[in-house]
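An overview of the molecular structure
Listed here are the chains, written in short residue letters.
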Amino acid sequence: MCRDLCVLGLVEYKRCLYYENGKKVIEAHWRGKPIILKSKLENFSSYEPLGILDYQDAAEELSPLDVVFYATMEVRNSLGLAEEEEEGGGGNSSLAKLWGIKLKHRDKSYSRAELASLWSLLQQEEYTFLRVLQDLSTHMAKVLGSCGHFYAVEYLSAGHAWDQNIFSLEEAAVSGRQTRWSSREMVHRIALSFLDMVWHFDHDFTHKLHLCDIKAENFAIRKDLTVVAIDVDMAFFEPKMRDILDQNCSSDDDCNFFDCSSRCNLIKGRCSPRRRNSNLQVICEKIFRPWFSPTLLGAKAGLPLQVELQRAVQECSEADGGEEEMAGDGGGGWDVHQRLRNILTRLVQEDGASAEGGDPWEVKGHVHTALNF
């Protein structure tokens, strides 16, 4: 990307989407296609330098395997995964090793500039998450390239709380499909993708991936209606989540970390390191509940499947002890997950069988951008 930016002039600045405390989110065009450029800190000098670069001979002698070693250690640190924890998992357990495999595919040494740039990127937790997990999950935004301390991610239509459909649906509605989805069917398909994302984040990795900042703006959709996490600054694997929650407390209120919460043991004066709620419960409360409210459904709110959906969403959002219940596939949390999936699947089938028209969820002409702070 650096050659396109600095030499060929193929990266064109469009506008600043977000700037606070040094963090920058920029809309740009790269080779004519829209992208999002991001950096956690404003200046390259704000990042900790790679110490070995202070010793010229050592830096010049770094092999790709040496770089893999340093990068792997930094990735483990960023993701909160100790080496022994990571080694004990299944086939896709060693996320840091996956990063190492990517870096090994190189038969020449790294320049000092490349090493300094890589080190600044590895200090950005969101970059590390996206870069490592994008090949393991369709629900992660894709990193397209980087230059210096900035990295480019795919440009997607982000959600907005003020839009009754949450996402801008017009692009998906004209995405080249021969049979045009109604806006109601698209909403049901997006809800199914949320459920798919929850299941994968709980089962695809050695440790659960906890989302502690669940709101419409932190998700986007692709043209095939796949839900994508575009802001993972507040995403943590289980070991780091337990460290965050394990704090002193005098009541349960002290054990809330944004959307992730646990209970206070009043005898010990410590929060339980085990999360009390779950990704599914928070998505039901903050996304599904307002989405499928009778107010927005209008005349369709009284239809049997819609009533069943509203009840399942309410049960899901009000469930207590979410993580304990969902510890096993047979737990109560996954029962409601399956109920929601079954209801939404039937609604999609019903939508496809009915003629489009008179849809109360009319597609709005809002243009959304990936304001993925």
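In what follows, the accompanying structure is described. (Residues numbered from 1 in each chain as written. Predicted model: local features only at pLDDT ≥ 70, side-chain atom pairs only at ≥ 80, totals over all residues. Heavy atoms only, no water.)

A short note on the side chain of N218
Position of N218 relative to the elements: it lies in the loop between strand 7 (209–211) and strand 8 (219–221). Overall, the relative accessible area of 4% leaves N218 in the buried class. (Helix = DSSP H or I, 4+ residues; strand = E, 2+ residues; numbered from the N terminus. Buried < 20%, exposed > 50% of the residue type's maximum accessible area, 1.4 Å probe, protein only.)

Focus: the state of the cysteines
Taken as a whole and assessed by the stated rule, the structure comprises five disulfides. Note that C255 is cross-linked by a disulfide to C271, the S-S spacing being 2.1 Å. Every disulfide takes its handedness from the sign of the S-S torsion; for C255 and C271 that torsion is -90°, giving left-handed. Taken together, the residues C255 in the loop between helix 10 (238–245) and strand 11 (256–257) and C271 in strand 14 (residues 270–271) connect sequence positions 16 residues apart. Given the relative accessible area of 3%, C271 is considered buried. (Disulfide = S-S within 2.5 Å.)

Here's the deal with the sheet that holds strand 6 (residues 157–158)
If you walk across this open sheet you meet the three strands as 6-8-9, and the pairing is antiparallel. Looking at the sheet topology across the chains shown, the edges are occupied by strand 6 and strand 9 (227–229). In this structure, strand 8 lies alongside strand 9, joined through three bridges in antiparallel fashion. The residue of strand 9 that forms the bridge with I221 is V227. (Pairing = 2+ DSSP bridges.)

Some points on the pairing of strand 3 (residues 33–39)
Here strand 3 lies mainly inside the structure; five of its seven residues are buried. Strand direction decides the pairing type here: strand 2 (residues 23–30) and strand 3, joined by seven bridges, are antiparallel. Within the sheet, the bridge partner assigned to V25 lies in strand 3 and is K38. Here strand 2 hands over to strand 3 after two residues, with R31 in that stretch at a positive phi of 55°. As defined by bridge partners, strand 3 adjoins strand 5 (residues 150–154) across four bridges and the pair is classed as antiparallel. Bridging from a neighbouring strand, L37 pairs with A152 of strand 5.

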